[in-house]
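Here is what each chain is made of, one letter per residue.
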Amino acid sequence: MATVGSVLLPLAVVFALTAPSHCFRPLTGAPITHRSITERAMLRKTAEVCQAIAAVNGDAFDLIIDDSVTTEQVVEACSPSASVVSSVAFTNAIAEIYLSNANVDFLFALNAEYHFYDETFEMGRTLITEGVSAVRASTDMGNFITARSILGEVLHTLQDFYSHSNWVELGNTAPYDALITPALPLDSLAGPTVPTCTNCIGDDCTDNILPAVLDGGLLTSGYFDRSFPNKPEGKCSDGGPLDLTSTQEPVGGINKDTLDSRHGFLHQEAADLALTASLDLLENIRIGVGDQDFLRLAGLSFAPVLCFVIDTTGSMTQEIAEVRRVSNNIVASRLDTGLEPPFYILVPFSDPDFGPVLQTTDAAFFMEQINLLTASGGGDLPEFSLSGLQLALTAAPRFSDIFLFTDAPAKDPELRSTILALIESTRSSVTFMLTDLLNRRRKRELEGVAPRFVTQTQADLYREIALASGGLTIEVPNSDLSMVTIFIEDSIAIAVVTVFQDVKDPGAACDFSFFIDDTLSNITILLTGAPSLTFTLRSPTGATQTSSEVSEPLASFSSASNLRRLRLNNDSETGLWEISVNSTDPYSVKVIGQSSLDFVYNLVEVKDGVSTDLFPQEGRPISGGNISLLVTLTGSDGVSVTQVGLLNTLDGTEVNGTLEPITDSIYVVTFSNIAEGTYVVLLKGKTGSLTSRMTPGSFQRQAPTRIRTSNIVVNALPNTTIIEAGSSVTIPFTVALTNGGVIDDGAMGTFTVSATNDRDFSVTSPGSVTIGDDSGGIASGTVILTAPAEALSGTDVTLTIGAEDAAAINSNNVVLRFSVFTVTDNATPVCLANTSSGCPADESLCKYFVWDFMANVTDGINGTVVDITVLEGNGTLETSVEVGPDGESITVVSYTASCCANRVVLSAVDVAGNVGLCVGQADEVNIMPTVEWNVVFKSDEVCLRGSRVFVAK
C-alpha cells in the first residue's frame, strides 16, 4: 500500500495543523454543508426504514418525511410507547458519521481520489464501492462504530463528486448511478489530453467549461494542489484561494462548495444532488444489511447495551451466579417491549486467557452463554482484567455502561494508558464490582503467602479507571453482592442522565448542590465511601433527611458495604437540592435520573480560527491552549442552553465557554487558555416550564467522563481505514511538545511509544522517539499493523498509539479504528430475460385484472444470490433456483399482482452484500368492450392474465 513517505510527512503534519477544509463545508458556513447533507440523509432514511417496519407490522406512522424532519421527530415516530426515551445514541451516531465525513479533509487532504479532484473517477468510484462493501461487512459483524466511520468517509467522497465535477453543468438532474454500482461503466470521461476549460473572465467563471465538453457530454473535474501545482494543459482547476493550480492557465475553477465558489451559482443544485445520491447510497446499504441492522448502524436504539466483563477463575462462583440473576431480570423485563438492549456483550477473563468477546442481539443466546460460564482455575490471584475491559470498550457503543466483576487485581497494568485512552475516546463508563479484593490480601498475608498479593496500590488502579470514566468502584463482600447490583438496573434504565457527580479524595466535609428539573423521574443519589460516612439531604423547601433515616421524608435509603443508594420520592420537588457529606476517607457522589433532556459532546478542532472548519480531535486537548466542543442537546423542545462549563475536578473552579449556535440544538463551545488539569463538562439551561418552587426553568446535566489536558501532541496519518486480510497498513505518526498551547519548536526530549490493539494483530512500532535540536520540535515514527490472512471481512481492529514523557507524568494517545475487508465479489446481481404481461390502460378497470412479471437473476459464475425482496409492490413473489448453461446459479423470479399496483421493484442481494435491482412494469393494453358482444363487466366474469382476455358473453 502507498504510504506517506519521509519527505511528505512534515508537509502532512503542517497541513494537519493549519489547513481548513476545501469541500462542502464540513459543519457550518454555507447554506448546505457536508454536515447538513449527511444529517438530512440519515434522518430521512432512518425514518423511511421505521415507516416500512410500521407498515409491515400494521402500525401507524404519522411523521411526514422531508428535509425538515428533526432528530427528535424521528425518535418519537420510531420509538415504542414509552413515557420517556432518549435520542442520545441516535444523535451521537449521526455525529460520528458526519465528523468522520469532515475528517476526510484532515486524514486524506492530499489524496485527490477522496475528493474527485484531477479526474480521478475510477479511483474515486472504487473508494465508494469498496467502502460500501466494507460498511456492510462491518455492520454484519456488529462493528457499528467502525461502519459509521467508513460510511462518513464514503459519503464525503460521493458528495464531493457533485461539487468538484461538471456533472451539474452537463444538465444532469439525477445522481450518477455508476458511482455506487460497479457493474455500470463510467462513460464519456474526458481523456487525459482533452482540454476542458478556458480562462475565467476576472472573477466570472460562468462559462469557463469549453462548449465541446458540454455539448459532447464529457465528464471532467477540477485539478487541485496547494503545494506543487502541475495541472495538465487545458484542464479545469477546482479553484479557490488554496488551489495553486487555479492561477495556471486556464485560470479560475469550477467547484461549487459554497455560494461564493467559482461555480457557486450551482451550489444549490450540486448540494441537492449530493443529498439524493447520499440517500441512494444509504438505501443500497439498507437493502444489503436489512432494516434492523440499518437501525443499529444509525444508532436508533431506545435502551443501552448490557455489557458484562467477568472474572471466571475458581473463586468467582457467587459473582457469576449474581450476573446470571441480574441478566435474567433485565432480559425478562424488557422482552417484547421494544425497549430491549440493542445488543448484549459478554467478555470473560481469567489467567492466562481473556475473551473472546460475545456480542449478540439474541437475548436467549446471551443468557445461554452466561449460563455456560463456570468458575475454574486461577490460584496466583492477578488476572487479565484490563485485557477483558479493552475488548469491551472497543466492542460497546460510545456512552455505554460497562460492569466488571472481579476479586483479583490486574495482571496487565501496562494497559492502563490504553484503557484510559479508550475511555476518553468512547466516553463509556466503567463500574467495578470488587468482591473481597482487599480481604483476600489480608487472608493471604495471614496464611503466610507473600508473592503477588493484592496491594492498596493495585486496587487503586481500578479506582482510577472508574473515576476517569464516571463509573463507580463498589467494594463488597460477595455475600452482599445482590444488595448492590440494583445499581446495574439503575444505570441501564431507559434514558438515564447524569445530573451531578463529584469525588473527594482525600475526604472532607463538603456541601454539594444540584438542580432537579421537572423532566426528571426516578432520581437516585449514589454515594460510595467508608462505613463512617454520614450525610444530610436537603430539599428546595428546606426539608431534610439524614443518613440515620432509612425512609421519608425525602427518599428511601439502603446501603451495603461502601455503596449507599437514595431513591428520591416520586413527588420530589423541583429546584436546587443539597447534600452535605462528612467523611475523612475518600468518597464519591453521583446523581442520576431518567429524562429525554440530555446532551452529547465531541472534542473538535477549529482550523485557522474559524468555526466553519471543524474536525474531530483525537487524544487529549493541549494544556494552555483552546478547547472546542461540538455540543448537541437532545430532547430539547422548548429548552435553551445558557452555559457550558469545564469544571476542574481538582479545585472545583469552573471555566465557562463561549457558545456559538449552529442550529437550535447544536452549539460550538470554545474555551480559551485552559490550564493543565482534569475537567468534566457541565451544561446548564432553561426549560420551557416555570414553577414557583424553583429557579425558573433551570436544569443541569453533567458528562461523566473526564477530559484531561496534556502538553504532548500525538498525530497519526493513516492512508486508509480499510486493511485487506493478510496485508499491512503503515501509519506515520508524530510527537511534539507544546508550550502555551502551541508547538514548542525548540523543545527536546525522548518519549516512550506504545502501540496496542484489541485483536492481537501483529504490530511493529518504535519503543521511543526523540525530538532533537534540529527537528523543529517534532519527532516522527511509523507503526505497522498487519491483519492475519484468516481475518474475516468486517472484523474491526482498534489501534491505540501513545506517547509518554521520560518522567512518566504527561502522556497523550490517538485511537484509530480499521476494518478488515477482502474484496471477493464486487459485482452486483443482474436481472435477465425480464417479461411483463399487460394491464388495462383504463385505470378504473384495474381491480378486475392481474399481471405477471418474470425474471432470471444471476450473480455470475461464482456468485450466489441469497435474498430476493419486494421493495415496491404488494403482490405475490415466488422464487426457485436453477443451474445455467455455464454452471452459474440462476434465481427464477415469478411475481403476480393486481393491476392496481402495476409496478414492482425487487432487490437481489448476494452473499457479499452487493445489491441489484429488478424493475417490472405492466404493459398497457387497450381493453374495450364491443357493441356486437354486448359485454357486461363483472368481477367474476372478466380476467386478464398475461395478454389474454377472457370475456363472458
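Residues numbered from 1 in each chain as written. Predicted model: local features only at pLDDT ≥ 70, side-chain atom pairs only at ≥ 80, totals over all residues. Heavy atoms only, no water.

Trainee: What's the story with the overall build of the chain in this structure? I'm lost.
Mentor: Across its full length, the chain holds 17 helices and 46 strands. Counting only residues that meet the buried cut, the chain has 56% of its 953 residues in that class. Taking the contacts inside the chain whose residues are at least 6 apart along the sequence as the reference set, 72% of them involve residues at least 24 apart. Counting only carbon and sulfur atoms, one obtains 50% of the accessible surface of the chain, whose full area is about 37200 Å². (Helix = DSSP H or I, 4+ residues; strand = E, 2+ residues; numbered from the N terminus. Buried < 20%, exposed > 50% of the residue type's maximum accessible area, 1.4 Å probe, protein only. Contact = heavy atoms within 4.5 Å. Areas by Shrake-Rupley, 256 points an atom, 1.4 Å probe, with all protein chains shown as cover.)

Trainee: How should I be thinking about the pairing of strand 24 (residues 698–702) in this particular structure?
Mentor: Across a regular strand the side chains alternate sides, sitting on one face of the sheet and then on the other. Burial analysis of strand 24 places five of its five residues in the buried class, which makes it a mostly covered element. Covered by surrounding structure in strand 24 are Ser698, Gln700 and Gln702 together with Phe699 and Arg701, the residues of both alternating faces. Here strand 23 (residues 678–686) runs beside strand 24; their pairing, made up of five bridges, is antiparallel. Within the sheet, the bridge partner assigned to Lys686 lies in strand 24 and is Ser698. (Pairing = 2+ DSSP bridges.)

Trainee: Got a minute to help me understand a nonpolar patch on the surface in this structure?
Mentor: On the surface, Leu871, Leu917 and Val919 cluster together to form a nonpolar patch covering roughly 250 Å² of accessible area. Locating Val919 in the fold gives a position in strand 43 (residues 915–921). (Patch = residues over 30% accessible without salt bridge, like charges linked within 9 Å, V, L, I, M, F, W, Y side chains within 5 Å. Salt bridge = Lys/Arg side-chain N within 4 Å of Asp/Glu carboxyl O.)

Trainee: How do you make sense of the packing of helix 2 (residues 34–57) against helix 8 (residues 267–289) when you look at a structure like this?
Mentor: Any two packed helices are characterised by the angle at which their axes cross and by the distance between the axes. Closest axis-to-axis distance for the helix 2/helix 8 pair is 9 Å, and the angle between their directions is 40°. One element, helix 2, and the other, helix 8, form an angle in the oblique class. Both helix 2 and helix 8 take part in a crossing whose hand is right-handed. From helix 2, Ile37, Arg40, Ala41, Met42, Arg44, Lys45, Val49 and Ala52 reach across to helix 8, where they touch Ala271, Ala274, Leu275, Ser278, Leu279, Leu282, Glu283 and Arg286. Looking at side-chain class alone, the contact of helix 2 with helix 8 contains ten nonpolar, one polar and five charged residues. (Axes fitted to C-alpha atoms, helices over the stretch in contact; angles between N-to-C directions. Parallel < 35°, antiparallel > 145°, perpendicular 65-115°, else oblique. Left-handed = near helix turned anticlockwise from the far one by under 90°. Nonpolar A, V, L, I, M, F, W, Y, C, P; charged D, E, K, R; others polar.)

Trainee: I would appreciate a short explanation of the packing of aromatic side chains in the present structure.
Mentor: Aromatic ring pairs are defined here through the distance separating the ring centres and the angle between the ring planes. Evaluation of the coordinates by the stated rule reveals 22 aromatic pairs. Taken together, a centroid distance of 6.2 Å and an interplanar angle of 55° make the contact between Phe308 and Phe403 tilted. With Phe308 in strand 1 (residues 306–311) and Phe403 in strand 4 (residues 401–406), this residue pair connects regions lying 95 residues apart in the sequence. An aromatic cluster of at least three residues, connected via ring pairs, comprises Phe116, Phe121, Phe161, Tyr162, Trp167 and Tyr176. In this structure, Arg427 is placed above the aromatic ring of Tyr601, and the distance from its NZ or CZ to the ring centre is 4.7 Å. (Phe/Tyr/Trp six-rings, centres within 6.5 Å; stacked < 30°, edge-to-face > 60°. Lys NZ or Arg CZ within 6 Å of the ring centre and 35° of its normal.)

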